[in-house]
Amino acid sequence: MNAARRLLATVLTCEAIVIALAIPVAVSVLDVDGALAGLVCGGLAVACLLLAGLLRFPWAVAAGSGLQVLIIATGFMVPTMFFLGALFGLLWVTSIWLGRKAESVQAR
């Protein structure tokens, strides 16, 4: 699971950066309340980083999948996040697939 963990941690780390950068967009461009944007997007960014560190546990992949759904849902606050969340969700699924494929090759 080492290869898959590295790929998934990279996706979560990049996702944390993108979701954190959605805060000023939500506040300045879309007139979302700053406290709400900070709480939702900041909380999800922190959750991404915490989950990236917890990927050594088997349940973390399932939790990360649930987190992908929540990040897509931030599109109701910042519409661009529908697209970016779906893109990161696709990267998440691809990372799981590629990680398992790499592990099966290493096992041979």
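Now for a look at the structure at hand. Keep in mind it's a predicted model, so treat the numbers as computed, not measured. (Residues numbered from 1 in each chain as written. Predicted model: local features only at pLDDT ≥ 70, side-chain atom pairs only at ≥ 80, totals over all residues. Heavy atoms only, no water.)

Regarding the packing of helix H1 (residues 2-29) against helix H2 (residues 34-53)
To be explicit about the condition: With axes taken as lines fitted to C-alpha atoms, and helix axes fitted only over the stretch in contact, angles between N-to-C directions fall between 0 and 180 degrees. Numbering of helices and strands runs from the N terminus, with a helix taken as a DSSP run of H or I at least four residues long and a strand as a DSSP run of E at least two residues long. Each angle gets one of four labels, with under 35 degrees taken as roughly parallel, over 145 as roughly antiparallel, 65 to 115 as roughly perpendicular, and the rest as oblique. Here, residues are in contact when the closest pair of their heavy atoms is within 4.5 Å. Here the nonpolar group is Ala, Val, Leu, Ile, Met, Phe, Trp, Tyr, Cys and Pro; Asp, Glu, Lys and Arg are the charged ones; every other residue, Gly included, is treated as polar.
One can describe the packing of H1 onto H2 by two numbers: an axis separation of 8 Å at closest approach and a directional angle of 170°. Taken together, H1 and H2 sit at an angle that is classed as roughly antiparallel. Taking contact as the criterion, the partners of Ala9, Leu12, Thr13, Glu15, Ala16, Ile19, Ala20, Ala22, Ile23, Ala26 and Val27 in H1 are, on H2, Gly34, Ala37, Gly38, Cys41, Gly42, Leu44, Ala45, Cys48, Leu49, Leu51 and Ala52. Class assignment of the residues belonging to the contact of H1 with H2 gives a composition of 17 nonpolar, four polar and one charged.

Structural notes on helix H3 (residues 59-73)
Which entries qualify depends on this criterion: For a helix, the expected span equals 1.5 Å multiplied by the residue count minus one. Accessible area is worked out with a 1.4 Å probe on protein chains only. A residue is then buried under 20% of its type maximum, exposed over 50%, and partly exposed in between. Here the arc refers to the directions that run from the helix axis out to each C-beta atom.
Here H3 spans 22 Å end to end across 15 residues, near enough to the 21 Å set by a 1.5 Å rise per residue. Taken together, the buried positions of H3 are occupied by Ala60, Val61, Gly64, Leu67, Gln68 and Ile71. Along the long axis of H3, the arc covered by the buried residues comes to 110°, so they all point the same way. In H3, those exposed residues whose orientation departs by more than 90 degrees from the buried face are Ala62 and Val69. Among the structural elements, H1, H2 and helix H4 (80-107) are those in contact with the buried residues of H3.

What about the side chain of Gln68?
Within the secondary structure, Gln68 is located in helix H3. Gln68 sits in the buried class, given a relative accessible area of 4%. When sequence neighbours within four positions are dropped, the list of residues in contact with Gln68 reads Leu12, Glu15, Phe88, Gly89 and Trp92.

Description of the packing of H1 against H3
Threshold: Crossing handedness follows the turn of the near helix against the far one: under a right angle anticlockwise gives a left-handed crossing, and clockwise gives a right-handed one.
Packing of H1 against H3 leaves a shortest axis separation of 12 Å and a crossing angle of 25°. For the element pair H1 / H3, the angle class is roughly parallel. Our pair here, H1 against H3, has a crossing hand that is left-handed. Judged by residue contacts, Leu8, Leu12, Glu15 and Ile19 of H1 engage Val61, Leu67, Gln68 and Ile71 from H3. Residue composition of the contact of H1 with H3, by class: six nonpolar, one polar and one charged.

Brief notes about the environment of Leu51
The topology assignment puts Leu51 in helix H2. Linking Leu51 and Met81, residues 30 residues apart in sequence, is a C-alpha distance of 20 Å. Once you skip the residues sitting within four places of it in the chain, Leu51 turns out to touch Leu12, Trp59, Ala60, Ala63, Gly64 and Leu67.

Observations regarding H1
Its 28 residues give H1 an end-to-end C-alpha distance of 40 Å, which sits within 8% of 40 Å, the value for a rise of 1.5 Å per residue. Among all positions in H1, only Ala3, Ala4, Leu8, Val11, Leu12, Glu15, Ala16, Ile19, Ala22, Ile23 and Ala26 are buried. Just beyond H1, the residue with positive phi is Asp31, at close to 55°.

By themselves, these figures tell us nothing about what the structure is for.
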